Amino acid sequence: AQERYSSIRDKPAETRCGTRISLHMNAGLMADLPSLEGSGAEGVGLFRTELQFLVRNKVPRRAELAALYARVLDASGGRRVAFRTLDIGSDKVLPYMKREDEPNPALGWRAIRVGLDKVGVMRMQLQALIRAANGRPLTVMFPFVAQFEEFTAARDHLMRELDREEKLGRPLPEKVEIGAMLETPSLAYAPRQFFELTDFISIGGNDLKQFFFAADRENERVRRRYDTLNVSFLTFLEQIVKRCGDTGTHLSFCGEDAGRPIEALCFAAIGMRTLSMRPASVGPVKHLLRKSDLREARAIIETARERGDQSVRPAIMDWMRSQNW
Ligand code: PEP
Ligand code: MG
């Protein structure tokens, strides 16, 4: 599939109306990094750090993690890598952690909630990231932030670790970007100060969608029941785009839907400019974006919304069929 799109690999994801969309890839293993070249992605929009914790039978050591993160940065050849801090709990359970018996793990003690309650592991990981950067830029994002205070608390931990490293005379990153994943509807309604403080927001659409529709992402019965292109969800996403636009906050979308060409086109049409996806999706998404006029797609979405359609998908599909592509 990569070969099929190799002719556009080095071309920008620029739409027919002249809008540039920035396409990044999701990764989680050292072995994913070679795809950065092959896919034509501009950087790593989401580096999931859970795997190194999941494949061991105890918490990995700081030096081990620092070495791995440094290799990831080496392999990225100066492109931006957004490291997501440990996102465990719910569907990702560490074998060596006492399993909490929770009736609703997806709504339970997970991700940043664990990080803020067990700060030792989070601080160790932040130290490893700072040491890995070693004078290079560092991008950190915190998963599953549900309210402003969780973000400020996590950010303060990172600031303290930076101070500590400086006092120890170690090299600091050249610059540090600190962002939050927007995966719960509550964060979309956080105070303006949150949007001003965070350097960027990345929508974790897999989780955001499950909470928006109250439909378990792991449950086959309900998982596909609600379309990502459902008008309610798109309208909600559009509000997030608007809030980020008001404060000039950089926004990206890194859930699985970003890698589905029709979804990606609709996200671009409602104003998103950065999408992060599995490497194999970069080609197909770019291919469709390059053929599309976002103003037309936007008009189709508007018409479907005015008409009261449940999802904009049928209208977008009709429009695509009429394009003679
Ligand atoms: C998401 O929720 O969309 C996301 C990118 O994170 P994960 O799939 O790892 O929960
Ligand atoms: Mg998530």
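Residues numbered from 1 in each chain as written. Chains lettered and ligands numbered in written order. Predicted model: local features only at pLDDT ≥ 70, side-chain atom pairs only at ≥ 80, totals over all residues.

Q: If you had to explain the overall build of the protein chain to someone new, which residues and values would you point to?
A: Across its full length, the protein chain carries 15 helices and nine strands. With respect to the principal axes defined by its C-alpha atoms, the protein chain has extents near 60 × 45 × 35 Å. Every one of the 325 residues in the protein chain was classed for burial, and the buried ones make up 39%. Excluding contacts between residues fewer than 6 apart, the proportion of contacts in the protein chain whose partners are at least 24 apart in sequence is 70%. (Helix = DSSP H or I, 4+ residues; strand = E, 2+ residues; numbered from the N terminus. Buried ≥ 20, exposed ≤ 12 C-beta atoms within 10 Å, placed from the backbone. Contact = placed C-beta atoms within 7 Å.)

Q: Quick one: what's the story with the nonpolar core, residue by residue and with numbers?
A: Leu129, Cys266, Ala268 and Leu275 are the most contacted members of the largest nonpolar core, which totals 77 residues. When residues of this core are assigned to their parent elements, the largest contribution, seven residues, is made by helix α5 (residues 119-133). Once residues lying within four places of it in the same chain are set aside, the contact partners of Leu275 are Ile21, Leu23, Ser252, Phe253, Ala258, Ala264, Phe267 and Val285. (Core = buried A, V, L, I, M, F, W, Y, C linked by C-beta atoms within 7 Å.)

Q: Go over the environment of Ser35 with me, naming the residues and quoting the values.
A: Inspection of the secondary structure puts Ser35 in helix α1 (residues 35-39). Separated by 243 residues in sequence, Ser35 and Arg278 have C-alpha atoms that sit 9.4 Å apart.

Q: Tell me about the environment of Gly108, and name the residues and values.
A: Considering the arrangement of structural elements, one finds Gly108 in the loop between β4 (81-84) and α4 (112-117). When the 14 C-beta atoms within 10 Å are taken as the criterion, Gly108 is described as partly exposed. Each C-alpha atom of the pair Gly108 and Gly89 lies 7.6 Å from the other, and the pair is 19 residues apart in sequence.

Q: Can you lay out the pairing of strand β6 (residues 176-182) for me, pointing to particular residues and giving the numbers?
A: Two strands pair when backbone bridges link them, and strand β5 (residues 138-145) and β6 are joined in this way by six bridges, in the parallel orientation. Following the sheet pairing, Met141 is matched in β6 by Gly179. The parallel pair β5 and β6, bridged by helix α6 (residues 148-167), forms a crossover whose chirality is right-handed. Two elements, β6 and strand β7 (residues 200-203), share four bridges in a ladder whose sense is parallel. Note on β7: the bridge partner recorded for Ala180 is Ile201. (Pairing = 2+ DSSP bridges. Right-handed = clockwise from strand over helix to strand, strands pointing away.)

Q: Describe helix α12 (residues 261-269), listing the residues and the values that go with them.
A: In terms of burial, α12 is largely enclosed, as seven of its nine residues are buried. Buried within α12 we find Glu263, Ala264, Leu265, Cys266, Phe267, Ala268 and Ala269. Gly271 sits one or two positions beyond α12 and adopts a positive phi of about 115°.

Q: For the confidence of the model for the protein chain, give the residues involved together with the corresponding values.
A: Mean pLDDT over the protein chain works out to 95, with 99% of the residues at or above the 70 mark. Here the complex is predicted with pTM 0.96, and the ipTM for its interfaces comes to 0.99. (pLDDT = per-residue confidence, 0-100.)

Q: Provide a residue-level description of unusual backbone geometry, including the pertinent values.
A: One can expect most non-glycine residues to show negative phi and most peptide bonds to be in trans. Notably, Ala111 is not glycine yet its phi reads approximately 50°, a positive angle. Among the structural elements, Ala111 can be located in the loop between β4 and α4. Given 26 C-beta atoms within a 10 Å radius, Ala111 is considered buried. Although it is not a glycine, Asn134 adopts a positive phi angle of roughly 45°. Classification of Asn134 by C-beta neighbours within 10 Å gives partly exposed; the count is 16.

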